[in-house]
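Residue strings, one per chain:
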Amino acid sequence: MRRYLKDNQIRKALNDEMDDVRLSEAQMERVLKHAKHMPWWEIELRIPWSAAAAALLLIAAIPIAVWLHLDQVEGEPSILAQQETKQDSLIAMGGGLYLESELLEGWSDSDD
Amino acid sequence: MGAEQEMIDRLRSGDESALRQLMERYGNEVLRTAVLLLRDRHLAEDVSQDVFIDVYRKINQLKADRSLRAWLIAMTVNRCRERMRRASWKRLLFRERLEEEAGAAIGPGSEGWAVSATIQSIIMALPLRYREVIVLHYYQDMAIADIAETLDEPEGTIKSKLQRGRKLLKTSLVEGGWRDEALFEGQSNS
């Protein structure tokens, strides 16, 4: 049989040649088995826009809230001032370094 | 509601029987496309399975204006490209061995070519950039616009690739014993 270079003849011949190439039952079973026991990290979820927007807002709100809180703490000078006044100081005396509180131990105002 | 839309909805709800139905309807088409593109039956089987698993996983990504078949074929082509890329890395690593194998193969112009040439072997011998468009045009019976959408390339590029690919294909077919009808009629008239 003569074969000509016509598109439909080429197409038909190609289809005839490929006819024995088939996806077997075993291959289909393999796919179904994988689909049935798909690990959770392979599963794609469809997240609604509203939920995604809410999650994004929440993520953006956390650093803002932390920043506002820190700003508030910094704005309270009394706490820092109290800490500073309570801090012990070092005193150099007679070639040695002493803590002020150690030197004043037992020398309270009432003793004067 | 169309049968295809119904199948898409069932796939979206995780219905495994819809996946089986999808494989029964398009399985051979996907496998044959992969065989023609990859030139390896075993790799093509792996790719086909991966494609159906991907479809099941990513069904929510299917756009409303796209057909399930076109999406399947696009996924097959992309998976084949990925395999080819991996194969070229291997080729780079095991160069000598593959060059030896290539030397023994029957290709266009070789002694055994005219005897053994089938359309699939001729298509498989084409460079990948032409093979893709030829397979989609001749096997999938796709129009230029559809091929352009599947391969995500401009129509003009597809047109020129198809033109060049057809020329190569027809040259090889003539070498394999096919005849140009116009030429043959001319000879018989004279």
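Note that this is a predicted model, so its numbers are computed, not measured.

J.: How would you explain the packing of helix α9 (residues 144-151) of chain B against helix α10 (residues 155-175) of chain B if you had to name every residue and give the values?
T.: All names here are of chain B. Running from amino to carboxyl end, α9 crosses α10 at an angle of 110 degrees, the nearest separation of the two axes being 9 Å. Comparing their axes, α10 and α9 come out roughly perpendicular. In this structure, α9 contributes I144, A145, I147, A148 and L151 to the contact, and α10 contributes E155, I158, K159 and L162. Among the residues forming the contact of α9 with α10, the class breakdown is seven nonpolar, no polar and two charged.

J.: Tell me about the layout of surface pockets, residues and numbers included.
T.: All names here are of chain B. Empty space within the second largest pocket amounts to approximately 390 Å³. What lines the second largest pocket is a set of 17 residues, and nearest its centre among them are R66, W71, A74, M75 and N78. Contributions of two or more residues to the lining of the second largest pocket are made by α3 (41-58), α4 (68-93) and α9. Top element by residues in the lining of the second largest pocket is α4. It accounts for six residues. Among the residues forming the lining of the second largest pocket, the class breakdown is five nonpolar, three polar and nine charged. Two domains each put at least three residues into the lining of the second largest pocket: domain 1 (1-95) and domain 2 (106-178).

J.: Residues and numbers for the confidence of the model for chain B, please.
T.: All names here are of chain B. When pLDDT is averaged along chain B, the result is 83; 81% of the residues meet or exceed 70. Here residues 98-115 is a poorly scored stretch, pLDDT under 50, and it has 18 contacts once near neighbours within four places are set aside; other chains count. The low-confidence segment residues 184-190, where pLDDT is below 50, has four contacts with residues more than four positions distant or belonging to other chains.

J.: Which residues make up α3(B), and what values do they have?
T.: In this model, α3(B) (18 residues) spans 25 Å end to end at C-alpha, consistent with the 26 Å of a helix rising 1.5 Å per residue. Within α3(B), burial applies to A44(B), E45(B), V47(B), S48(B), Q49(B), V51(B), F52(B), I53(B), D54(B), V55(B) and Y56(B). Where α3(B) is buried, its residues touch α2 (25-36) of chain A together with α1 (3-12), α2 (16-38) and α4 of chain B. The residue sitting at the N-terminus of α3(B) and contributing the capping side-chain oxygen is D40(B); that oxygen lies 2.9 Å from the backbone nitrogen of H42(B).

J.: So what's going on with the interface of chain A and chain B? Residues and values would help.
T.: Taken residue by residue, the interface counts 33 residues in chain A and 41 residues in chain B. Taken together, chain A and chain B are joined by six salt bridges. With a closest N to O distance of 2.3 Å, D7(A) and R166(B) form a salt bridge. Where chain A touches chain B, the interface holds 14 residue pairs in polar contact (both at pLDDT 80 or more). Broken down by secondary-structure element, the contributors of at least two residues to the side of chain A that touches chain B are α1 (7-17) and α2 of chain A.

J.: Give a detailed account of the pairing of strand β2 (residues 96-99) of chain A, specifying residues and quantitative values.
T.: Residue and element names in this part refer to chain A. Direction of pairing for strand β1 (residues 90-93) relative to β2: antiparallel, over a ladder of four bridges. Along β2, the bridge assignment pairs M93 with G96. Hairpin connection, β1 to β2: the antiparallel pair is bridged by two residues, and G94 has positive phi, about 60 degrees.

J.: Can you break down a nonpolar patch on the surface residue by residue, with the values?
T.: The grouping of W40(A), W41(A), I43(A), L45(A) and I47(A) at the surface amounts to a nonpolar patch, some 720 Å² of accessible area in total. You can call I43(A) partly exposed: its relative accessible area is 44%.

J.: I'd love a proper account of the pattern of salt bridges, names of residues and values included.
T.: Pairing between side chains of opposite charge can happen when their charged atoms approach one another. All names here are of chain B. One pass over the full model with this rule turns up 22 salt bridges over all chains. In this structure, R79 engages D50 in a salt bridge whose closest nitrogen and oxygen atoms are separated by 3.6 Å. Of this pair, R79 sits in helix α4 while D50 sits in helix α3; the two residues are 29 residues apart in sequence, bridging distant segments of the chain. Owing to a relative accessible area of 19%, R79 belongs among the buried residues under this scheme. Using a relative accessible area of 22% as the deciding quantity, one classes D50 as partly exposed. The shortest N-O distance in the salt bridge between E153 and K161 comes to 2.9 Å. Salt bridges sharing common partners tie together D50, D54, R57, R79, E82, R83 and R86.

About the criteria used
Residues numbered from 1 in each chain as written. Chains lettered and ligands numbered in written order. Predicted model: local features only at pLDDT ≥ 70, side-chain atom pairs only at ≥ 80, totals over all residues. Heavy atoms only, no water. Axes fitted to C-alpha atoms, helices over the stretch in contact; angles between N-to-C directions. Helix = DSSP H or I, 4+ residues; strand = E, 2+ residues; numbered from the N terminus. Parallel < 35°, antiparallel > 145°, perpendicular 65-115°, else oblique. Contact = heavy atoms within 4.5 Å. Nonpolar A, V, L, I, M, F, W, Y, C, P; charged D, E, K, R; others polar. 1 Å grid on protein atoms, 1.4 Å probe; cavity = no way out; pocket = protein on both sides within 12 Å on 5 of 7 lines; lining within 4 Å. Points joined across faces, edges and corners; volume = space filled by probe spheres on them. Domains from an automatic or database assignment. pLDDT = per-residue confidence, 0-100. Expected span 1.5 Å × (residues − 1). Buried < 20%, exposed > 50% of the residue type's maximum accessible area, 1.4 Å probe, protein only. Polar contact = N/O pair within 3.5 Å; in protein donor to acceptor, adjacent residues only side chain to side chain. Salt bridge = Lys/Arg side-chain N within 4 Å of Asp/Glu carboxyl O. Pairing = 2+ DSSP bridges. Patch = residues over 30% accessible without salt bridge, like charges linked within 9 Å, V, L, I, M, F, W, Y side chains within 5 Å. Areas by Shrake-Rupley, 256 points an atom, 1.4 Å probe, with all protein chains shown as cover.

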